[in-house]
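# Structure at a glance
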Amino acid sequence: MKKIKLPLEPENLESGDEVLFSGVVYTARDQAHRRLADALRCGRKLPFSLKGQIIYYCGPNPAPKGKIIGSCGPTTSSRMDDFTPALLKAGLKGMIGKGSRSREVIRAVKKYRAVYFLTYAGCGALLSKYIKRKKLVAYPELGPEAIYRLEVKDFPLIVAVDSKGRNIYG
Amino acid sequence: MKTIRAEKIKNTVAQLCAKANFDLRKDVFAALRRVYAAEKNKKARAILAAIIKNARAAKTEKLAICQDTGLPCVFVELGQDARILGDLKAAIQNGIKEGYKKARLRDSVVQDPLKRGKSSYVPGLIHIDVVKGNKLKITLLPKGFGCENKTRLKMFKPTTSLEAVRKFIIEAIKNAGPDACPPFVVGVGIGGTADYACLLAKKALLAPLNSTTAKLSRELSKEANRLNIGPMGLGGRATVLAVNILTYPTHIAGLPVAVNISCHATRSASAVL
């Protein structure tokens, strides 16, 4: 299977491709998205630079003793749809989640030459094995919705929406 | 009269939290293996293999099957001849708190649905039924919200055809699409009132899969599995593991139908005291 890393080369990824990603992703879900989008709108500094980065829609479980992280699969991407175009405009290159996206998101993925990936939904225990490091980046008060920087190795992904706007869900 | 101490209830609930979240229900696991064996679509097979591998890893390594450890829904059947020594509801809530914390499960409950704010382990939702006998049965269903968000309710006219009801159920499955983690367990509640139909639909998830030989359940399963939604919505036969239906008498003027979608990680665990 094709292996990829940062910087992402969206032009080399096609909807339907299965790839293994190694590198850094940032977790962010509903409340973190609201805050990031608010910060962008008000011109405030973001807790991390979105430029060229990947956001993973995930709220992990706390790490059991001796483990790096608990169960950490993808959450439903469409809940982030309203915030996504602004994040893509600010330089976000990739997103990992589950399920389909809105027309506006697909248009923005194409416009900003980004990519939307799927990963195995409901397989958080299995996916935790691909995570090698975890570091809290922002919003600890949000608990499981805080932003974490994860280093992953050979994380399994499926390209759902590619930089030409082709969508696996048709 | 049998006496059951609140402390014992708390400890039991705490154990159920770990069991339900780590150890996939046997009937759900068996159904996953069955649909994997029958699946021909290559992508669907790979995803189902990952789902099965995930369930095994969760059990052996004591990791949550899904990171969404759900909103803890607790169904209590309290025998009318049993006497609880202490506070039953507090014991259940404390059991959830203790169980989730100890098992390192995610706290996914916000106190204020509008203001949101910091999440915590409780409150779980408690449904209490008084039944005959002197036993206390507790069932914990950690309900993930990716699928709960796809719940549908419709108040049909009493003269509605069965065909229209079937269409509504199939549409609810279609609407849950790739987002709610197919293959689904579909709970259907028909009858009662609006709220009661929703409760029946939720309770239907607890019935052993395919235990019901009702014609309607079988036909709906077949029809849903022709939708080509498949695991992660990427196509395939495996769209539902089962359609479980519960019915109840209703009013002459109505026909409430509720559909509760549950993901492939449909988790629950029970204990009898």
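Residues numbered from 1 in each chain as written. Chains lettered and ligands numbered in written order. Predicted model: local features only at pLDDT ≥ 70, side-chain atom pairs only at ≥ 80, totals over all residues.

The secondary structure content of chain B amounts to 8 helices and 12 strands. Over its C-alpha trace chain B gives a radius of gyration of 19 Å, about what one expects of a compact globule, namely 19 Å for 273 residues. Counting only C-alpha atoms and orienting by the principal axes, one finds that chain B spans roughly 50 × 50 × 40 Å. Classification of the 273 residues of chain B by burial places 46% in the buried group. Here the analysis covers contacts within chain B between residues at least 6 apart in sequence; of these, 82% occur between residues at least 24 apart. (Helix = DSSP H or I, 4+ residues; strand = E, 2+ residues; numbered from the N terminus. Rg over C-alpha atoms; globule rule 2.2 N^0.38 Å. Buried ≥ 20, exposed ≤ 12 C-beta atoms within 10 Å, placed from the backbone. Contact = placed C-beta atoms within 7 Å.)

Turning to the nonpolar core, a few remarks are in order. Residues A:Phe117, B:Cys17, B:Phe184 and B:Leu241 are the most contacted members of the largest nonpolar core, which totals 129 residues. Both domains that furnish three or more residues to this core are identified here as domain 1 (2–24 + 65–143) and domain 2 (146–266) of chain B. If we ignore the near neighbours within four places in the chain, the residues touching B:Leu241 are B:Val28, B:Ala31, B:Leu32, B:Val35, B:Pro183, B:Phe184, B:Val185, B:Leu209 and B:His264. (Core = buried A, V, L, I, M, F, W, Y, C linked by C-beta atoms within 7 Å. Domains from an automatic or database assignment.)

With that settled, consider helix H2 (residues 26–38) of chain B. All names here are of chain B. Here H2 contains 13 residues, and its C-alpha end-to-end distance of 18 Å stays within 8% of the 18 Å for a straight helix at 1.5 Å per residue. Buried within H2 we find Val28, Ala31, Leu32 and Val35. Angularly, the buried residues of H2 cover 105° about the axis, an arc narrow enough to put them on a single face. Exposed positions of H2 whose direction lies more than 90 degrees from the buried face are Lys26 and Ala37. (Expected span 1.5 Å × (residues − 1). Arc of directions from axis to C-beta.)

Attention now moves to unusual backbone geometry. Residue and element names in this part refer to chain B. In this structure, the amide linkage connecting valine 122 to the following residue, proline 123, adopts the cis form with an omega of 5°. Mapped onto the fold, proline 123 is located in the loop between strand E5 (116–120) and strand E6 (125–131). The amide bond that connects proline 182 to the next residue, proline 183, takes the cis arrangement and shows omega of 0°. Position of proline 183 relative to the elements: it lies in the loop between helix H6 (162–176) and strand E9 (184–192).

Residue and element names in this part refer to chain B. Running from amino to carboxyl end, helix H1 (residues 6–22) crosses helix H4 (residues 88–102) at an angle of 40°, the nearest separation of the two axes being 7 Å. Taken together, H1 and H4 sit at an angle that is classed as oblique. The crossing of H1 and H4 is right-handed. Residues Ala6, Ile9, Lys10, Asn11, Thr12, Val13, Ala14, Gln15, Leu16, Cys17 and Ala18 of H1 touch H4, and the partners they reach there are Leu88, Ala91, Ile92, Asn94, Gly95, Ile96, Glu98, Gly99, Tyr100 and Lys102. A breakdown of the residues in the contact of H1 with H4 according to their chemical character gives 12 nonpolar, 6 polar and 3 charged. (Axes fitted to C-alpha atoms, helices over the stretch in contact; angles between N-to-C directions. Parallel < 35°, antiparallel > 145°, perpendicular 65-115°, else oblique. Left-handed = near helix turned anticlockwise from the far one by under 90°. Nonpolar A, V, L, I, M, F, W, Y, C, P; charged D, E, K, R; others polar.)

Attention shifts here to the sheet that holds strand E2 (residues 71–79) of chain B. By definition, the strands of a sheet pair up through backbone hydrogen bonds, in either a parallel or an antiparallel sense. Residues and elements named next belong to chain B. The 4 strands lie next to each other as E6-E2-E7-E12, forming an open sheet whose pairing is mixed. Each edge of the open sheet carries a strand with a single partner, namely E6 and strand E12 (269–272). Averaged over all pairs of adjacent strands, the angle between strand axes in this sheet comes to 15°, irrespective of strand direction. Bridge count for strand E7 (residues 136–143) against E12 is 4 bridges, and the pairing is antiparallel. What sits directly across from threonine 139, in E12, is serine 270. (Pairing = 2+ DSSP bridges.)

Glancing now at the pairing of strand E4 (residues 94–97) of chain A. Residues and elements named next belong to chain A. Side chains Gly94 and Ile96 project from E4 onto one buried face, and the interleaved Met95 and Gly97 project onto a second face that is buried too. Bridge count between strand E3 (residues 54–56) and E4: 3 bridges; the pairing is parallel. In the strand pairing of E4, isoleucine 55 is matched with methionine 95. Taken together, E3, helix H2 (residues 84–89) and E4 form a β-α-β motif whose crossover is right-handed. Sheet topology note: the E4/strand E5 (residues 115–118) ladder contains 4 bridges and is parallel. (Right-handed = clockwise from strand over helix to strand, strands pointing away.)

This brings us to the domain arrangement of chain B. Residues and elements named next belong to chain B. With domains assigned, chain B is organised as domain 1 (2–24 + 65–143) and domain 2 (146–266). Using only C-alpha atoms to locate each centre, domain 1 and domain 2 end up separated by 25 Å. Counting residues at the interface gives 10 residues for domain 1, matched by 8 residues for domain 2. Those elements that provide at least two residues to the side of domain 1 that touches domain 2 are E2 and E7. Of all the elements, E7 adds the most residues to the side of domain 1 that touches domain 2, at 3 residues.

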